[in-house]
There are 2 protein chains.
Amino acid sequence: MGLRERKKLKTRVALIDAALDLFLEHGYESTTIDQIAAAVDVSPRTFFRYFGSKEEVALAPATDAQDVFLSELHARPEAESPFTALAQAMRGAVAVLRDGEPEDKQRFLKARQVVEATPTIFAGQMRLMLANEQRILEEVARRRGADDLRSQFVTATFTSTIRVGLENCTVEELSDIDGMTRRLEDTFTLVDQLMVANWDR
Amino acid sequence: MGLRERKKLKTRVALIDAALDLFLEHGYESTTIDQIAAAVDVSPRTFFRYFGSKEEVALAPATDAQDVFLSELHARPEAESPFTALAQAMRGAVAVLRDGEPEDKQRFLKARQVVEATPTIFAGQMRLMLANEQRILEEVARRRGADDLRSQFVTATFTSTIRVGLENCTVEELSDIDGMTRRLEDTFTLVDQLMVANWDR
DNA sequence: TGTCATCTGTCATGGACTGACATAATCTAC
DNA sequence: GTAGATTATGTCAGTCCATGACAGATGACA
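It should be emphasised that the depicted structure is a prediction, and the values quoted were computed from it without experimental measurement.

**Regarding helix α2 (residues 33-40) of chain A**
Residue and element names in this part refer to chain A.
Step number 1: Within the span of α2, buried status applies to Ile 33, Ile 36, Ala 37 and Val 40. When α2 is viewed along its axis, its buried side chains cluster within an angular range of 95° and face the same direction. Residues of α2 that are exposed and angled more than 90 degrees away from the buried face: Ala 38 and Ala 39.
Step number 2: Contacts from the buried residues of α2 go to α1 (3-26), α3 (44-50) and α4 (54-74).
Step number 3: Taken from the residues just after α2, Asp 41 is the one with a positive phi, measuring 65°.

This is how it looks when you write it as structure tokens:
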């Protein structure tokens with residue numbers, strides 16, 4: 001990897017970190033692009049060369065996490081039923097975060113706090129999840145061998161499950177991977193109880 | 001109702017109609033507040049006295065529809081299970097629209113087209129639905145007698161159901177209440193098939 | 001009709017975002 | 001390592017969304 005490429009990556013991470021810290025300290029709305037750019041010592045114009053919008057920088061960690069989830073999903077064995085594969089991929093994505101660089105973990109958890117504290121950003125995360133849903137749907141449809149209403153419902157139910165699981169996190173659990181994991185498991189268990197056998201086949 | 005109040009209502013509706021027409025013709029992003037205000041012959045500043053943001057005017061019909069839904073929900077008999085009450089309330093809300101003023105129906109359908117065509121607005125609608133979900137959750141929790149994970153899941157499943165049902169609408173069905181109704185019924189039927197008995201009790 | 005409350009327009013401002021262009025840094029080939 | 005091509009960055013100007021302040025217009029009401 002050349003110097004130029006390394007520098008770009010470094011600037012990108014620095015912008016994310018600076019932005020998240022400022023968002024947490026002064027709030028998302030009260031933080032300006034100028035402040036973020038100044039903290040990293042780049043021009044405001046450069047900020048927009050790295051991120052398309054103020055929202056994008058706040059959601060960058062979430063976006064990365066979704067990519068991890070998708071690659072975990074595609075690595076699940078064919079034998080697993082769609083919803084099982086989704087749940088396992090989620091566990092895998094959480095594990096990647098848990099066992100990864102502490103800085104990455106910190107960044108992710110900071111981002112989650114910002115998302116929870118800012119309605120605008122929360123809506124943006126929903127938009128992300130919905131965009132992702134299209135790609136998840138492809139995998140579900142492939143495993144079920146049918147791109148129909150039922151595949152859509154399985155996919156939407158997964159999204160809901162994750163959402164409900166994460167919604168229940170207390171403030172402390174927002175900065176704690178294990179607490180997050182427990183909430184998710186509780187919700188997966190509930191789904192198992194409320195659905196008929198082979199509902200996702 | 002006094003003259004002043006009538007004038008305000010008229011201006012509000014005129015702004016919504018002008019905005020929706022401009023959004024449909026030139027796209028949401030390419031339409032400016034100035035254009036909307038000019039079309040209704042008010043100052044741009046006045047626009048913001050009626051709507052907090054450009055997004056809000058696009059979502060006004062959706063917001064009104066959600067209010068109708070909520071009042072239908074509270075009118076459902078106590079004997080109905082939570083999800084049944086939700087489904088019936090949805091049918092009721094659609095009926096109100098179907099049997100209402102043709103102008104209101106047109107406005108609603110135009111707004112739906114704008115929402116579908118504009119990712120930003122679509123995300124905004126999600127934000128609306130999530131805000132509403134809190135109020136729906138209260139009713140579900142009341143009927144179940146428990147404000148727990150299961151109540152949250154029932155509520156989230158309802159939201160998913162509506163979303164999946166409406167997502168499947170083709171462009172023509174977007175401007176057709178009956179087509180919309182059929183899609184919704186298909187989805188409700190599917191939920192019935194995939195859930196265990198009394199899953200929402 | 002006169003007074004009051006409220007609505008509206010005008011003006012000024014700040015912040016998000018974008019295009020254009022010049023400068024500076026890196027990369028590549030020699 | 002130097003020249004020239006590539007690419008990143010800074011500066012500047014401009015658009016649009018959004019908001020506060022104030023003055024003038026308009027409906028409400030005694």
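**Side note on the relation of the copies chain B and chain A**
Step number 1: When chain B is fitted to chain A, the best match, at an RMSD of 0.1 Å, comes from turning it 180° and sliding it 0.0 Å along the axis. Such values leave the two copies arranged in the relation of a two-fold axis. Across chain B, the rotation axis passes nearest the C-alpha of Met195(B), at a separation of 2.2 Å.
Step number 2: Taken as a fraction of all interface residues of chain B, those also at the interface in chain A reach 100%, which identifies the copy contact as same-surface.

**Structural notes on the domain arrangement of chain A**
Residue and element names in this part refer to chain A.
Step number 1: If you check the domain split of chain A, you get domain 1 (1-52) and domain 2 (53-194).
Step number 2: Just the C-alpha atoms count here: the centres of domain 1 and domain 2 sit 25 Å apart.
Step number 3: Across the boundary between the two partners, domain 1 contributes 19 residues, which contact 17 residues of domain 2.
Step number 4: When the buried area of domain 1 at its contact with domain 2 is split by residue, Leu 20, Leu 24 and Tyr 28 rank highest and sum to 39% of it.
Step number 5: Connecting domain 1 to domain 2 are 3 salt bridges.
Step number 6: Notably, a salt bridge pairs Asp 21 with Lys 110, separated by 2.7 Å at the nearest N-O pair.
Step number 7: Connecting domain 1 to domain 2 are 7 residue pairs in polar contact (both at pLDDT 80 or more).
Step number 8: Counting residues per element, the ones that place at least two in the side of domain 1 that touches domain 2 are α1 and α3.
Step number 9: Among the elements that make up the side of domain 1 that touches domain 2, the one with the highest residue count is α1 (10 residues).
Step number 10: For the side of domain 1 that touches domain 2, the class distribution of residues is 13 nonpolar, 2 polar and 4 charged.

**Comments concerning the protein's contact with DNA strand C**
Step number 1: Near DNA strand C there are 22 residues, and of these Leu3(A), Arg4(A), Lys54(A), Thr46(B) and Arg49(B) occur at the shortest range.
Step number 2: Within the side chain of Lys7(A), one N or O atom sits 2.8 Å away from a phosphate oxygen of DNA strand C.
Step number 3: Within the side chain of Lys8(B), one N or O atom sits 3.1 Å away from a phosphate oxygen of DNA strand C.
Step number 4: Elements supplying a minimum of two residues to the surface near DNA strand C: α1 and α3 of chain A together with α1 (3-26) and α3 (44-50) of chain B.
Step number 5: Residues of the surface near DNA strand C, tallied by class, amount to 5 nonpolar, 7 polar and 10 charged.

**Remarks on the nonpolar core**
Step number 1: Counting 118 residues, the largest nonpolar core has Phe23(A), Phe69(A), Phe158(A), Phe69(B) and Phe158(B) as the members making the most contacts within it.
Step number 2: In this view, Phe69(A) contacts Leu86(A), Ala89(A), Met90(A), Ala93(A), Ile136(A) and Phe158(A); residues no more than four positions away in its chain are not counted.

Quick notes on the rules
- Residues numbered from 1 in each chain as written.
- Chains lettered and ligands numbered in written order.
- Predicted model: local features only at pLDDT ≥ 70, side-chain atom pairs only at ≥ 80, totals over all residues.
- Heavy atoms only, no water.
- Buried < 20%, exposed > 50% of the residue type's maximum accessible area, 1.4 Å probe, protein only.
- Helix = DSSP H or I, 4+ residues; strand = E, 2+ residues; numbered from the N terminus.
- Arc of directions from axis to C-beta.
- Contact = heavy atoms within 4.5 Å.
- Least-squares fit on C-alpha atoms with pLDDT ≥ 70 in both.
- Domains from an automatic or database assignment.
- Buried area = accessible area lost by both parts, 1.4 Å probe.
- Salt bridge = Lys/Arg side-chain N within 4 Å of Asp/Glu carboxyl O.
- Polar contact = N/O pair within 3.5 Å; in protein donor to acceptor, adjacent residues only side chain to side chain.
- Nonpolar A, V, L, I, M, F, W, Y, C, P; charged D, E, K, R; others polar.
- Near = heavy atom within 4 Å.
- Core = buried A, V, L, I, M, F, W, Y, C linked by side-chain atoms within 4.5 Å.

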